[in-house]
Each structure stands twice: as structure tokens, then as C-alpha cells.
Amino acid sequence: MSRLLVSVVLASSVLAFASGAGAKAPPEGFQLCGVSACMSLSGNDAETVAVSLFYGAGIKFVGPTAVPSGFYVLRWRFPNQREESGYYVGDSRVVRLFGAALGGSTSFDAAVSWLRPSPGALQVLSRLSVGLQPMPAPTVTRVTVGGRPARDPASYVRLWAVGAPALPKHPVGWLRIRMTTVVQSPWSDSSTDVRVSRRGGWLYRDGTFFRVPAKFAERIRARQSLSLTRMTTGG
């Protein structure tokens, strides 16, 4: 399965201001923010992160498999542009950026990209996050499947942990899954796109198809609890 190559939206916003061997980072660097404080990334640290995230140096595009956990908000701004932001999930060592990408293998336009930055960029983000309290793992308070509420919404965090990337051989219809959380997060903001196939065992998460057990998909379509205990006992 081919993976994503470079983020169109992000690259286009950066290339307008950077050229050749010039600076690649935003003039004021980045802000890495937790619950109540932010750390500034400037100089070589900002360049390392910018070259990886915006120009693809050493990055690996990954399927959205990061289980909901603590996270940080990464913010930056280029001249004459609105402020941009993304998420850094330290436990999973991934960054989620807004913007569709080239080379995707889905039938939908992905609004976000999940990627693993270069080792150097990860080292910078990890070092700067030390002592910075992360945003807490999101608490899911409501889930709808096809517009109708599901039972046991908290159990639907399992949507992000089940399945293996694959491509459906035959197109099928889809039901959109929407999760509401107390705080906006990488797994529940307005750009999150999660769907379950109307038949068979398929999930779509933020630009990637996943093959999942048929019974798991059936429970989602029936809006039942996805807790392991309930699934084992048939509740």
C-alpha cells in the first residue's frame, strides 16, 4: 500500500517564503504547548523541526494508530499567514498535521496527516516537552454512528487501536463516526474523519483504510459498547 509523500497544504504555505538554502523555519519559530504553559523552539531546534515536518526530511507517514493519550499542541506562523497548528503525541512519537497529502490511496480527501518526524526532530520535541504537562488523554462523552448515538461512548477509543492497514477490494458504503470529547484533541477535532463500512469489516481513519474483525464492525454499526468485557460476554 503506497504511503503519503508530502503534505500539500503545509508545503504550499511554506514554499512561498523559503527558497534554496534559506531558513525553513517560521521567523518566530514554534510554540510547543501543554495544559498551562508553552515552550519556544527557535534557532537550530526550529530549523530541525521545520525541515522534517514541512520538507519531508527523514519523516515516515504512518497510519493513524496512536491510541488516545496525553498530547501537546504545536503552533507556528509564517508572515502574512494565519497561525497554523498541529499535535505532538509523545507516547506514540508521532505528529498530526492538518492538510491533505499526495500519494494517498483512499477514496476520500484526508484532512490531516499522521507522521513520524525525523529522529532529530523527535529528539527536539521530546527534549522541549520535558517538564511541560501534556494535555490529558481525551475523555469521550458522546459518539454517534451514522448520526445516531452509540452506547458506552468511552469504549470507542478502541477505534484507534484495532485493525491493519489494507485496501478494500470492492467499494462499500460508509457510516461516519463522530466523537465528542471534553477537550479538542487529535482524535476528536473538527478534522477527524472516522467511518465504518456498511457491511464487512472495514474502518477508515484519517486517510487510511483498516481491515478489522467483522464482529467488531458489526458492533459499531449496531452502536453497541466496544469494551472487551461487553464483547466477550455479548453485552
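Residues numbered from 1 in each chain as written. Predicted model: local features only at pLDDT ≥ 70, side-chain atom pairs only at ≥ 80, totals over all residues. Heavy atoms only, no water.

Student: Lay out unusual backbone geometry in plain terms, naming residues and giving numbers.
Tutor: The backbone of N80 shows a phi angle near 60°, a positive value even though the residue is not glycine. Tracing the sequence through the fold places N80 in the loop between β4 (72–76) and β5 (84–89). Overall, N80 belongs to the exposed group, its relative accessible area being 78%. Although it is not a glycine, D152 sits at a positive phi angle of roughly 50°. (Helix = DSSP H or I, 4+ residues; strand = E, 2+ residues; numbered from the N terminus. Buried < 20%, exposed > 50% of the residue type's maximum accessible area, 1.4 Å probe, protein only.)

Student: So what's going on with the packing of aromatic side chains? Residues and values would help.
Tutor: Applying the stated criterion across every chain yields a total of 12 aromatic pairs. Taking 6.0 Å as the distance between ring centres and 35° as the angle between the ring planes, the aromatic pair formed by F30 and F54 counts as tilted. You can see F30 sitting in strand β1 (residues 30–33) and its partner F54 sitting in helix α2 (residues 43–55), a full 24 residues away along the chain. Neither F30 nor F54 differs from the other in exposure class; each is buried. With 5.4 Å between their ring centres and 35° between their planes, W174 and F209 make a pair best called tilted. Of this pair, W174 sits in strand β11 (residues 174–181) while F209 sits in strand β14 (residues 208–211), placing them 35 residues apart in sequence. Just as W174 is buried, F209 falls in that class too. Grouped by ring-pair contacts, the aromatic residues F71, Y87, F98, W114, W160 and W187 constitute a single cluster. A cation over a ring is seen here: K24 above Y55, with NZ or CZ 5.9 Å from the ring centre. If you follow R205 out to its NZ or CZ, it ends over the ring of F210, 3.7 Å from the centre. (Phe/Tyr/Trp six-rings, centres within 6.5 Å; stacked < 30°, edge-to-face > 60°. Lys NZ or Arg CZ within 6 Å of the ring centre and 35° of its normal.)

Student: Hey, could you go over the environment of W76 for me, with residue numbers and the actual values?
Tutor: Of note, W76 is situated in strand β4. Overall, W76 belongs to the buried group, its relative accessible area being 2%.

Student: Break down the packing of α2 against helix α3 (residues 119–129) for me, with residues and values.
Tutor: In contact at an axis separation of 8 Å, α2 and α3 are set at 130° when each is read in the N-to-C sense. Considered as vectors, α2 and α3 are oriented oblique to each other. In this structure, the crossing between α2 and α3 has a hand that is left-handed. Contacts between α2 and α3 involve D45, T48, V49 and S52 on the former and, on the latter, G120, A121, V124, L125, R127 and L128. In terms of residue class, the contact of α2 with α3 is made up of five nonpolar, three polar and two charged. (Axes fitted to C-alpha atoms, helices over the stretch in contact; angles between N-to-C directions. Parallel < 35°, antiparallel > 145°, perpendicular 65-115°, else oblique. Left-handed = near helix turned anticlockwise from the far one by under 90°. Contact = heavy atoms within 4.5 Å. Nonpolar A, V, L, I, M, F, W, Y, C, P; charged D, E, K, R; others polar.)

Student: Tell me about helix α4 (residues 214–221), and name the residues and values.
Tutor: If you check which residues of α4 are buried, you get F216, A217, R219, I220 and R221. Backbone geometry just downstream of α4 places R223 in the positive-phi region, at approximately 60°.

Don't take any of this as a statement about function, it's just geometry.
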